[in-house]
Amino acid sequence: MEEAAASEDKAGYGTNGHAEGPAAEGRRGGGAWLRGCRGFLRRNALVLLTVSGVVAGVALGAAVRGAALSPAQVAYLAFPGELLLRMLRMVILPLVVCSLVSGAASLDTRSLGRLGGIAIAYFLGTTLLASGLAVALGFIVRPGAGASALNTPGLGLPGALPTSKETVDSFLDLVRNLFPANLVAAAFRTYATDYKMLLRNTTSGNVTLEKIPVGTEIEGMNILGLVLFALVLGVALKKLGQEGEDLIRFFNSFNEATMVLVSWIMWYVPIGIMFLVGSKIVEMEDIVLLVTSLGKYIFASILGHFIHGGIILPLIYFAATRQNPYRFLLGLITPLATAFATCSSSATLPSMIKCVEENNGVDKRISRFILPIGATVNMDGAAIFQCMATVFIAQLNNIDLNPGQIFTILVTATASSVGAAGVPAGGVLTIAIILEAIGLPTNDLSLILAVDWIVDRTTTVVNVEGDALGAGILNYLNEKDKKDREQELKEVTVEAIANNKSETETSPLVTHKNRVSNTSSTADPESKESVL
């Protein structure tokens, strides 16, 4: 009877025995569809709000642009976006230090060395690929060919040129910042070499100017020094064993509390992005002149970012994991939109860690170990931007680059992108290093600065995408290595059991002993004597 009732119910009958009509079935299907839509909206509310914030920001900027706002009014319009940047930068220091200490302390020495080696190889390899792609595209598209008339009054930012620095001093500053003299000062200041000119009288009576390097401190977090210190401290705490457990638990708790703060800040991201994008559109002076004069350079740079971020990096991820890279990237829409709006890899780090762990299931030990390092040293988008700008300036000045100069561009761009600041327009300062290395003039950097606010958005998106895909690859390799070790352990255990059984079955002494002991244990004293 129960089976018949169940079959009737499946066939479309209600519990009271009456047949359900099409309307009831439609209501049931409509209710399931509504529940599915509500669940989808609940799961992806932040992503939808973030994308809506970008679209609303473009619409707001286009609508307000015709109102001829004063600079003060534009600053007021950008105020909600400024609050977002300040909140994100506020959590960078505790997030980077605590996540790296807890990540390095949670990994054993073998895994730490293996994952660190793979990460360095991935970062250097992808950055070198990005640099080569940019140089190749520069020679194919030729963005600076025939553009020698770009030095017009409406273009460029002549007052914003970075001071030229010797290539050797730039790399020495990079090493100096790895070992900060004061950890507290490293939280807000960075070492940089400056120069002062000294007048010297020669023996012949002529006066010469000599450039003397002088060490200075500039505003900005020394993230390289903090990263290295946190890594070494985590390894040291791991070596301490029981004595270091309390401090490791402290950093773990601090890290989890910081991630809770990040989850709260994320709900303000759509509002901040809307006003950041809108205010930047209002600030544009003459976009038509910029696009018509520097359109080929903008197109070549964005094309390089699209090829590297949309094809090359996903192919590397697929080759390493045999998984769909675009499904992985689908869970990163919120941090990618944040990167597009803020133009800062460091400001995107909190949301990237949260989304990689929650949406893509990356192990916390991997994400909190590799993403802070990637945000500091992995700058694929910046390498494309720097190489394209160098080729553009060379073509602008009608200079043909020889193979030696091209090799210098590739190596210098790959190395200097490590020290590029993860802040807006941070890559422009490193272009001067490349130009000095190959002997090109730095006067035309004002043209790069004029369109940097456009190109820097796709640059930052590619930077953070490379970090996230690297974390996904390392997570896959770590899981695979763990499964292999477990399988080896099972095989060793099975072999040991088999060997034990074979010895027990084949040894006559063991068999005789067992038989005697069993007989003696079950028999009475008289039988024991007979056995003896």
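Throughout, residues of each chain are indexed from 1 in the direction in which the sequence is written. Given that this is a predicted model, residues contribute local features only at a pLDDT of at least 70 and side-chain atom pairs are listed and counted only at 80 or more, while totals for whole chains, interfaces and linings are drawn from all residues. Processing note: side-chain calculations cover all non-hydrogen atoms of the structure and skip hydrogens and water entirely.

Labelled according to an unreviewed UniProt entry, the protein appears under the name Amino acid transporter, originating from Pipra filicauda.

**Description of the overall build of the protein**
Of regular secondary structure, the protein possesses 24 helices and 2 strands. Think of it in three bands: with a 1.4 Å probe and only protein chains considered, a residue is buried below 20% of the maximum accessible area for its type, exposed above 50%, and partly exposed in between. Within the protein, buried positions represent 43% of all 532 residues. For the protein, the proportion of contacts with a sequence separation of at least 24, taken over those separated by at least 6, is 82%. When the accessible surface of the protein is totalled, it reaches about 27700 Å², and 63% of it is carbon and sulfur. Put simply, DSSP H or I for four residues or longer makes a helix, DSSP E for two residues or longer makes a strand, and each gets a number counted from the N terminus. Contact criterion: two residues are considered in contact whenever any of their non-hydrogen atoms come within 4.5 Å of each other. Note on areas: Shrake-Rupley with a 1.4 Å probe; residue coverage comes only from the protein chains shown.

**Notes on the environment of isoleucine 118**
One can find isoleucine 118 in helix 7 (residues 109-141). Sequence-wise, isoleucine 118 and glycine 470 are 352 residues apart; in three dimensions their C-alpha atoms are separated by 9.4 Å. The contacts of isoleucine 118, once residues within four sequence positions are left out, are Leu474 and Leu477.

**Here's the deal with the pattern of salt bridges**
Should a side-chain nitrogen of Lys or Arg be within 4 Å of a carboxyl oxygen of Asp or Glu, the pair is scored as a salt bridge. Enumeration over the complete set of coordinates arrives at 9 salt bridges. Note that arginine 176 is salt-bridged to aspartate 173, the shortest N-O span being 2.8 Å. One end of the pair, arginine 176, and the other, aspartate 173, are both in helix 8 (residues 167-178), 3 residues apart, so they sit about a helical turn from each other. The exposure class assigned to arginine 176 is partly exposed, which follows from its relative accessible area of 36%. Owing to a relative accessible area of 3%, aspartate 173 belongs among the buried residues under this scheme. A salt bridge links glutamate 357 to arginine 368; the shortest N-O distance between them is 2.8 Å. One end of the pair, glutamate 357, is in helix 16 (residues 345-360); the other, arginine 368, is in helix 17 (residues 364-377), with 11 residues separating them in the sequence. Judged on exposure class, the residue glutamate 357 and its partner arginine 368 are both buried.

**Some points on the nonpolar core**
Grouped together as the largest cluster of nonpolar side chains are 49 residues, with contacts concentrated most on Leu100, Leu332, Phe369, Ile370 and Leu371. Broken down by element, this core gets its largest block of residues, 9 residues, from helix 6 (residues 92-106). We define a nonpolar core as any set of buried Ala, Val, Leu, Ile, Met, Phe, Trp, Tyr and Cys residues linked to one another through side-chain atoms lying within 4.5 Å. Grouped together as the second largest cluster of nonpolar side chains are 37 residues, Phe385, Met388, Leu401 and Ile454 included.

**Looking at the UniProt feature "transmembrane region" (unreviewed entry) in the protein**
When the UniProt feature table is mapped onto this chain, "transmembrane region" (unreviewed entry) is found at residues 45-67, 87-107, 119-141, 220-237, 258-277, 297-316 and 328-349. As a span, residues 45-67 carries 91% helix and 0% strand, and end to end its C-alpha atoms are 33 Å apart. Measuring from the first to the last C-alpha atom of residues 258-277 gives 27 Å, for a span that is 90% helix and 0% strand. UniProt positions are given in the numbering used here, feature names are shortened, and annotations may be inferred rather than shown by experiment.

**Remarks on unusual backbone geometry**
Where the residue is not glycine, phi is negative for most of them; where a peptide bond is considered, it is trans in most cases. Of note, arginine 142 is a non-glycine position whose phi angle comes to about 55°, a positive value. When you line up the elements, arginine 142 lands in the loop between helix 7 and helix 8. The backbone of arginine 322 sits at a positive phi, close to 60°, despite the residue not being glycine. On the secondary structure map, arginine 322 appears in the loop between helix 13 (287-321) and helix 14 (325-330).

**A word on the confidence of the model for the protein**
The pLDDT value tells you how sure the predictor is about a given residue, anywhere from 0 up to 100. Scored by pLDDT, the protein has a mean of 78; 78% of the residues are at 70 or more. Here helix 24 (residues 525-531) stands out as the least confident element of the protein, with mean pLDDT 42; helix 14 is the most confident, with 92. Scored below 50 in pLDDT, residues 151-161 shows 21 contacts in the model against residues more than four places distant or in partner chains. Across residues 503-532, where pLDDT falls below 50, the model places 5 contacts with residues more than four positions away in sequence or in other chains.

**Things to note about the side chain of serine 102**
Within the element layout of this structure, serine 102 appears in helix 6. Judged by its relative accessible area of 8%, serine 102 falls in the buried class. Any pair of nitrogen or oxygen atoms within 3.5 Å is treated as a polar contact; in protein, a donor-acceptor pairing is required on top of that, and neighbouring residues in sequence qualify only through side-chain atoms on both sides. A polar contact is formed between the side chain of serine 102 and the backbone oxygen of cysteine 98, at a distance of 2.8 Å. If we skip the residues at most four places from it in the chain, serine 102 touches Asn252 and Asn255.

**Quick notes on a nonpolar patch on the surface**
Within the patch definition used here, like charges are joined within 9 Å and nonpolar side chains (Val, Leu, Ile, Met, Phe, Trp, Tyr) within 5 Å, considering only residues with over 30% relative accessible area and no salt bridge. A cluster of nonpolar side chains, namely Met197, Leu199, Val207 and Leu209, defines an oily patch on the protein surface of about 440 Å² accessible area. Mapped by element, the contributors of at least two residues to the nonpolar patch are strand 1 (189-201) and strand 2 (207-219). Here valine 207 lies in strand 2. Of the residues examined, valine 207 reaches a relative accessible area of 52% and is grouped as exposed.

**A word on the packing of aromatic side chains**
Each aromatic ring pair is specified by the distance between its two centres and by the angle formed by the two planes. When two rings of Phe, Tyr or Trp (its six-membered ring) have centres within 6.5 Å they constitute a pair, described as stacked for plane angles under 30 degrees, edge-to-face for angles over 60, and tilted for the intermediate range. Under the defined criterion, the tally for this structure stands at 5 aromatic pairs. With a centroid separation of 5.2 Å and an interplanar angle of 40°, the aromatic rings of tyrosine 317 and phenylalanine 328 are classed as tilted. Taken together, the residues tyrosine 317 in helix 13 and phenylalanine 328 in helix 14 connect sequence positions 11 residues apart. Using a relative accessible area of 4% as the deciding quantity, one classes tyrosine 317 as buried. Aromatic ring contacts, followed pair by pair, group Phe250, Phe251 and Phe254 into a single cluster.

**A short note on the packing of helix 6 against helix 16**
Running from N to C, helix 6 and helix 16 point in directions that differ by 60°, and their axes come no closer than 10 Å. By the angle between their axes, helix 6 is oblique relative to helix 16. Crossing handedness for the pair helix 6 and helix 16: left-handed. Judged by residue contacts, Ile92, Leu95 and Val96 of helix 6 engage Ser346, Ala347, Leu349, Pro350 and Ile353 from helix 16. Classifying every residue of the contact of helix 6 with helix 16 gives 7 nonpolar, 1 polar and no charged. To get an axis, a line is fitted to the C-alpha atoms, and for a helix only the part in contact is used. The angle between two axes follows their N-to-C directions and goes from 0 to 180 degrees. By definition in this entry, angles of less than 35 degrees are roughly parallel, angles greater than 145 are roughly antiparallel, angles of 65 to 115 are roughly perpendicular, and the rest are oblique. Should the near helix be turned anticlockwise from the far one by less than a right angle, the crossing is termed left-handed; should it be turned clockwise, right-handed. Three classes are used: nonpolar for Ala, Val, Leu, Ile, Met, Phe, Trp, Tyr, Cys and Pro, charged for Asp, Glu, Lys and Arg, and polar for all others, with Gly counted as polar.

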